[in-house]
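Working through the structure, step by step
One letter stands for each residue in the lines below.
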Amino acid sequence: MRNILLATLLLLVLLMLFLINPILLPLSILAILILYYRDSLAHILTEIIMFAVLSSILYITVSNKAILVIVTAPFSNFKIFWTVLPMLIAWIILEVYFTRHENENIGWNTAICNGLMLFWAGLNILFSMTTSRYIFQKFIIMSIIIGYAAFLIYISFTHRYSPKFTFRLASTNIVYYFGILGILYAYNVILPTARSIFSSIILLCLILLTIRIIKKIVHNFASNE
């Protein structure tokens, strides 16, 4: 339990550094990796290189303001925060759980819940259409999100496809990340421009790499105890 709390605290510190200046995040993670893996750095060298490259691309091609909008938007408005909160809590709890129980994977019931969460994000876009000038655009994106969510719920409930295939489609990180983006889009915080789409994809990759790195740090702590 102590390892999970340390990992969570570390994640919060990294997030604070990112909000102060995005370039501090990759530098801090590199420093942490060198400190804890100075004797066995080779087995996570790929993650280090990928994180550094993606961070550089994001920092060079997208302004700090565009990045911060996505990261800070859920906390800048109480109405948005209250809507995003269930997804954030569920995402964090699931990641902590699967970090602690590394031999487990998501099950059929978790896949159904992930589909329901994504469906909730799509409904928020539907509710916002009455007060938006992007009605046709929002209808298209809402249809994609709700359609995908309904598909996930159906194949998870009926076990129509193999567990491996279904659980990949219902990946917690993918579903919750794009679900939160859908809610931000519903509140007109972000728009589907080329810059926002590009920065969103790169940011997702950085989040996935950060989660992977933290899990390796936690496992390293556990193996040394």
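Coordinates for the structure precede this section.
Quick look at the structure, then. Keep in mind it's a predicted model, so treat the numbers as computed, not measured.

Next up on the list: unusual backbone geometry. Positive phi is not limited to glycine here, since H159 has a value of about 55°. Here H159 falls in the partly exposed class, since its relative accessible area comes to 43%. Even without being a glycine, N188 presents a positive backbone phi close to 60°. Checked against the element boundaries, N188 lands in the loop between α9 (172–186) and α10 (194–224).

Moving on, we get to the packing of aromatic side chains. Taken as a whole and assessed by the stated rule, the structure comprises five aromatic pairs. Their ring planes at 80° and their centres at 5.3 Å tell us that Y97 and F98 sit as a pair that is edge-to-face. When its relative accessible area of 35% is taken as the criterion, Y97 is described as partly exposed. Overall, the relative accessible area of 12% leaves F98 in the buried class. Site record: aromatic cluster; members linked through ring pairs are F151, Y161 and F165. When the ring centre of Y185 is taken as origin, the NZ or CZ atom of K138, which lies over that ring, is 5.5 Å away.

The next thing to look at is a nonpolar patch on the surface. Nonpolar side chains collect at one region of the surface, where I49, V53, I57 and F198 lie side by side and expose about 310 Å² of accessible area between them. In terms of residues, the nonpolar patch owes the most to one element, helix α3 (residues 45–61), which gives three residues. Within the fold, I57 resides in helix α3. Classification of I57 by relative accessible area gives partly exposed; the value is 32%.

Conventions adopted
- Residues numbered from 1 in each chain as written.
- Predicted model: local features only at pLDDT ≥ 70, side-chain atom pairs only at ≥ 80, totals over all residues.
- Heavy atoms only, no water.
- Buried < 20%, exposed > 50% of the residue type's maximum accessible area, 1.4 Å probe, protein only.
- Helix = DSSP H or I, 4+ residues; strand = E, 2+ residues; numbered from the N terminus.
- Phe/Tyr/Trp six-rings, centres within 6.5 Å; stacked < 30°, edge-to-face > 60°.
- Lys NZ or Arg CZ within 6 Å of the ring centre and 35° of its normal.
- Patch = residues over 30% accessible without salt bridge, like charges linked within 9 Å, V, L, I, M, F, W, Y side chains within 5 Å.
- Areas by Shrake-Rupley, 256 points an atom, 1.4 Å probe, with all protein chains shown as cover.
- Salt bridge = Lys/Arg side-chain N within 4 Å of Asp/Glu carboxyl O.

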